[in-house]
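Listed below, chain by chain, are the residues.
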Amino acid sequence: MSEDRVLNSLVKASLEEAGAFELHLPRRQSTILPWAISSLLAASVAIAVALQAWVVPPKVDALVGAIAFLSEADGVEIAPGDPAEMLYDWQESPLWL
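These lines cover the structure that appears in this document, whether it is placed above or below. As the structure is a computational prediction, the values presented were derived from the model and not from experiment.

**Focus on the overall build of the protein chain**
(1) Moving on: Counting its regular elements, the protein chain contains 4 helices and 0 strands.
(2) Moving on: From first element to last, N terminus to C terminus, the protein chain shows the α and β order α-α-α-α.
(3) Moving on: Looking at the protein chain residue by residue over its 97 residues, the buried ones come to 9%.
(4) Moving on: Taken as a whole, the protein chain presents about 9300 Å² of accessible surface, with 64% of it coming from carbon and sulfur.

**Focus: the nonpolar core**
It is characteristic of soluble globular proteins that their nonpolar side chains tend to be buried jointly.
(1) Moving on: Formed by Val-64, Ile-67, Val-76, Ile-78, Met-86 and Trp-90, the largest nonpolar core amounts to 6 residues.
(2) Moving on: Those elements that place two or more of their residues in this core are helix H3 (60–74) and helix H4 (83–92).
(3) Moving on: Here Trp-90 is in contact with Ile-67, Leu-70, Ser-71, Asp-74 and Ile-78, once residues within four sequence places are set aside.

**Digging into the environment of Gly-65**
(1) Moving on: Within the secondary structure layout, Gly-65 lies in helix H3.
(2) Moving on: Along the backbone, Gly-65 and Pro-83 are 18 residues apart, and their C-alpha atoms lie at a distance of 9.2 Å.

**Things to note about H3**
(1) Moving on: Look at H3: 21 Å from first C-alpha to last across 15 residues, which is about the 21 Å you get at 1.5 Å a residue.
(2) Moving on: Within H3 the residues assigned to the buried category are Val-64, Ile-67 and Ser-71. Take H3 and look down its axis: the buried residues cluster within an arc of 70 degrees, on one side only. The outward face of H3, more than 90 degrees from its buried face, is lined by the exposed residues Asp-61, Ala-62, Phe-69, Glu-72 and Ala-73.
(3) Moving on: Trailing H3 by a residue or two, Gly-75 shows a phi angle of about 80 degrees, which is positive.

**With respect to the side chain of Ser-71**
(1) Moving on: Tracing the sequence through the fold places Ser-71 in helix H3.
(2) Moving on: Classification of Ser-71 as buried rests on a relative accessible area of 2%.
(3) Moving on: When neighbours within four sequence positions are excluded, Ser-71 is seen to be in contact with Val-76, Ile-78 and Trp-90.

Analysis parameters
Residues numbered from 1 in each chain as written. Predicted model: local features only at pLDDT ≥ 70, side-chain atom pairs only at ≥ 80, totals over all residues. Heavy atoms only, no water. Helix = DSSP H or I, 4+ residues; strand = E, 2+ residues; numbered from the N terminus. Buried < 20%, exposed > 50% of the residue type's maximum accessible area, 1.4 Å probe, protein only. Areas by Shrake-Rupley, 256 points an atom, 1.4 Å probe, with all protein chains shown as cover. Core = buried A, V, L, I, M, F, W, Y, C linked by side-chain atoms within 4.5 Å. Contact = heavy atoms within 4.5 Å. Expected span 1.5 Å × (residues − 1). Arc of directions from axis to C-beta.

Honestly, that's just the spatial picture; any functional story needs more than this.
Written out as structure tokens, the structure reads:
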């Protein structure tokens, strides 16, 4: 077999330059699925919010104020009282736009 000296010298030169090939070490595969971390974080936040709402119930004054503000913004007059009745009155009132 005849060897091509030009080809051999080109291959040798490119190997000696260390630019022709790059060595990549294999990356370690994660044992956790990619979506598992975000799902776990979302579940933790949901549990924290649910516990917050269960342990510290919303203040009635804040609800009454919010419903009064929204009804006033819609131009509906509602008497302050029980938040459930206020919300029902606000939802059932006709809107005059």
